[in-house]
Amino acid sequence: MEDTPLIIGSRRFNSRLLVGTGKYKDLTETDLAIQASGAEIVTVAIRRVNIGQHPDQPNLLSVVPPEKYTILPNTAGCFDANSAVRTCMLARELLDGHNLVKLEVLGDEKTLYPNITETLKAARTLIDDGFEIMVYTSDDPIVAQELESMGCVAIMPLGSLIGSGLGILNPHTISIIKENAKVPVLVDAGVGTASDAAIAMELGCDGVLMNTAIAAAQNPVLMASAMKKAVEAGREAFLAGRMPRKRMANASSPETGYFFK
Amino acid sequence: MHIYLNGESKDTSCTNLLALIQELELEGKRFAVEKNEMIISKSKLAQTPICAEDQIEIIHAVGGG
């Protein structure tokens, strides 16, 4: 069955797996893993140029060229609305006016849990300035609705803490968010292995964003391939509609025509 | 003239941002510049003077989730 494309703001995608570019051993591994993932949207962070570094040092954007991938600059490391807004403005300048960003405003170092007050403030400023915001948020359905009504183009609740690999600890709240939303809902953070990605998709989510689950695997390129399949499998299972759960057994083979009874 | 470049104290003889970018061998590469928390577009680098105690940030994309 042909799936519908994933539509985020003004853009259309076929892949529902979004990947980060952090924590890889080198840019070659980054390149191979991203190719294996089949991702079309790739997140990057915005940081100071290392002044004095060798000018010919390979650059991340030469491995993930904006002509080939949709670059999704993030605001990782921002703990207040102002630094997140500055980061997005710099990213837009860096990427020649590209206005799609991943907004994340964090609460504390220990949990990297989103600070919703600052997230809402930054989202308002950025939307008014013409940005398309994919927003990292808590799994609070009311906050998710608020972000959507402000004009965020995708809602991205965490499945568990960033980089924890604990999986989807909150399937119930994620599915409530999905049920309420008219914009895409993507699980961002928490996936540890392929089955977690499949679970997120089986809940009806529109996509999954991950970084550490691939980059910190023993074999990141193989894990990227596994994640691609898991997202596709989870999506197909969701579209197929799972069987109802039953408390007791229900034989698969005919219960008539026995020759031994 | 004393400025702050990416948070580091620095003396420069460059009088505009394009000259600074050229001195740092960044011309032609992908970067973005902020001066005193204001974005300076690439087309305006040459006409943007550097003043004493300016806080200049030059950023690029790095690996991240």
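Counting starts from 1 at the beginning of each chain's written sequence and moves along it residue by residue. Labels follow written order: the first chain is A, the first ligand is 1, and so on. For a predicted model such as this one, the threshold for reporting local features is a pLDDT of at least 70, and the threshold for listing and counting side-chain atom pairs is 80 or more; totals across whole chains, interfaces and linings nevertheless cover every residue. Heavy atoms throughout the structure, all of them, feed into the side-chain values; hydrogens and water do not.

Undergrad: Explain the overall build of chain B residue by residue, including any values.
TA: Labels follow the DSSP assignment, with helices taken as runs of H or I lasting at least four residues and strands as runs of E lasting at least two, numbered in each case from the N terminus. The secondary structure content of chain B amounts to one helix and five strands. Element order for chain B, N to C, with α for helix and β for strand: β-β-α-β-β-β. Its C-alpha atoms give chain B a radius of gyration of 11 Å, within 12% of the compact-globule value 11 Å for 65 residues. Taken along its principal axes, the extent of the C-alpha atoms in chain B is 35 × 25 × 20 Å. With C-alpha atoms as the basis for the radius of gyration, the globule rule is written as 2.2 Å multiplied by the number of residues raised to the power 0.38.

Undergrad: Describe the nonpolar core, naming the residues involved and giving the relevant values.
TA: As a rule of thumb, soluble globular proteins bury nonpolar side chains together. Only buried Ala, Val, Leu, Ile, Met, Phe, Trp, Tyr and Cys residues count toward a nonpolar core, and they belong to the same one when joined by side-chain atoms within 4.5 Å. Per-residue accessibility, obtained with a 1.4 Å probe over protein chains only, is compared with the maximum for each type, and a residue is labelled buried under 20%, exposed over 50%, and partly exposed between these values. By size, the foremost hydrophobic cluster in this structure holds 68 residues, and its most contacted members are A:Leu103, A:Ile133, A:Ile155, A:Met210 and A:Met227. Broken down by element, the residue count for this core peaks at seven residues, all from helix H3 (residues 81–94) of chain A. Any two residues having at least one pair of non-hydrogen atoms within 4.5 Å are treated as being in contact. Every residue in contact with A:Ile133, bar those within four places of it in the chain, is listed here: A:Val101, A:Leu103, A:Leu126, A:Ile127, A:Cys152, A:Val153 and A:Ala154. Within the second largest apolar cluster, 16 residues are counted, among which are B:Ile3, B:Leu5, B:Leu26 and B:Ile50.

Undergrad: Can you break down empty space enclosed by the protein residue by residue, with the values?
TA: Residue and element names in this part refer to chain A. Here a cavity is any set of points on a 1 Å grid over the protein atoms alone where a 1.4 Å probe fits but cannot get out, and a pocket is any open set with protein on both sides within 12 Å along at least 5 of 7 lines; a residue lines the site when it has an atom within 4 Å of a point. Grid points are joined across faces, edges and corners, and a volume is the space filled by probe spheres set on the points. According to the stated counting rule, one finds one cavity of 30 Å³ or more in the structure shown. In this structure, the largest cavity occupies an estimated 30 Å³ of space. Around the largest cavity sit Pro141, Ala144, Gln145, Glu148, Ile155, Ile177, Asn180 and Ala181, which together line it. The set of elements that each furnish at least two residues to the lining of the largest cavity consists of helix H5 (141–150) and helix H6 (171–180).

Undergrad: Run through the interface of chain A and chain B, naming residues and quoting values.
TA: In this complex, chain A contributes 31 residues to the contact, which on the side of chain B involves 26 residues. Summing the contributions of chain A and of chain B, the shared interface buries around 2500 Å²; its carbon and sulfur component is 56%. Whenever a carboxyl oxygen of Asp or Glu lies within 4 Å of a side-chain nitrogen of Lys or Arg, that contact is scored as a salt bridge. Among the ionic pairs, A:Arg86 bridges to B:Glu37, the shortest N-O distance being 3.4 Å. For this analysis, a polar contact is any N or O atom pair within 3.5 Å, provided that within protein one partner can donate a hydrogen and the other can accept it, and provided that sequence-adjacent residues contribute only side-chain to side-chain pairs. The interface formed by chain A and chain B contains 15 residue pairs in polar contact (both at pLDDT 80 or more). At the level of secondary structure, the elements contributing two or more residues to the side of chain A that touches chain B comprise strand S4 (41–48), helix H2 (60–63) and H3 of chain A. Buried area: the accessible area, evaluated with a 1.4 Å probe, that two parts lose upon being put together, summed over both parts.

Undergrad: Residues and numbers for the environment of B:Thr48, please.
TA: Residues and elements named next belong to chain B. Tracing the chain through its elements places Thr48 in the loop between strand S4 (38–40) and strand S5 (55–63). Taking the C-alpha atoms as reference points, Thr48 and Leu5, separated by 43 residues in sequence, lie 15 Å from one another. Thr48 has contacts with Thr15, Asn16, Leu17, Lys35 and Ile40, leaving out every residue within four places of it along the chain.

Undergrad: Run through the pairing of strand S10 (residues 207–210) of chain A, naming residues and quoting values.
TA: Residue and element names in this part refer to chain A. Residues Gly207 and Leu209 point to one face of S10 and Val208 and Met210 to the other, with burial holding for every one of them. Two strands pair under a simple rule: DSSP has to find at least two bridges between them. Note: strand S3 (residues 17–19) against S10, three bridges, orientation parallel. If you follow Val19 over to S10, its bridge partner there is Met210. Across three bridges, the pairing between strand S9 (residues 186–188) and S10 is parallel. Bridge pairing in S10 links Val187 to Val208. By convention, a crossover is right-handed whenever its connection, traced from the first strand over the helix to the second and viewed with the strands pointing away, goes clockwise. A crossover links S9 with its parallel partner S10, the connecting element being helix H7 (residues 194–202), and its sense is right-handed.

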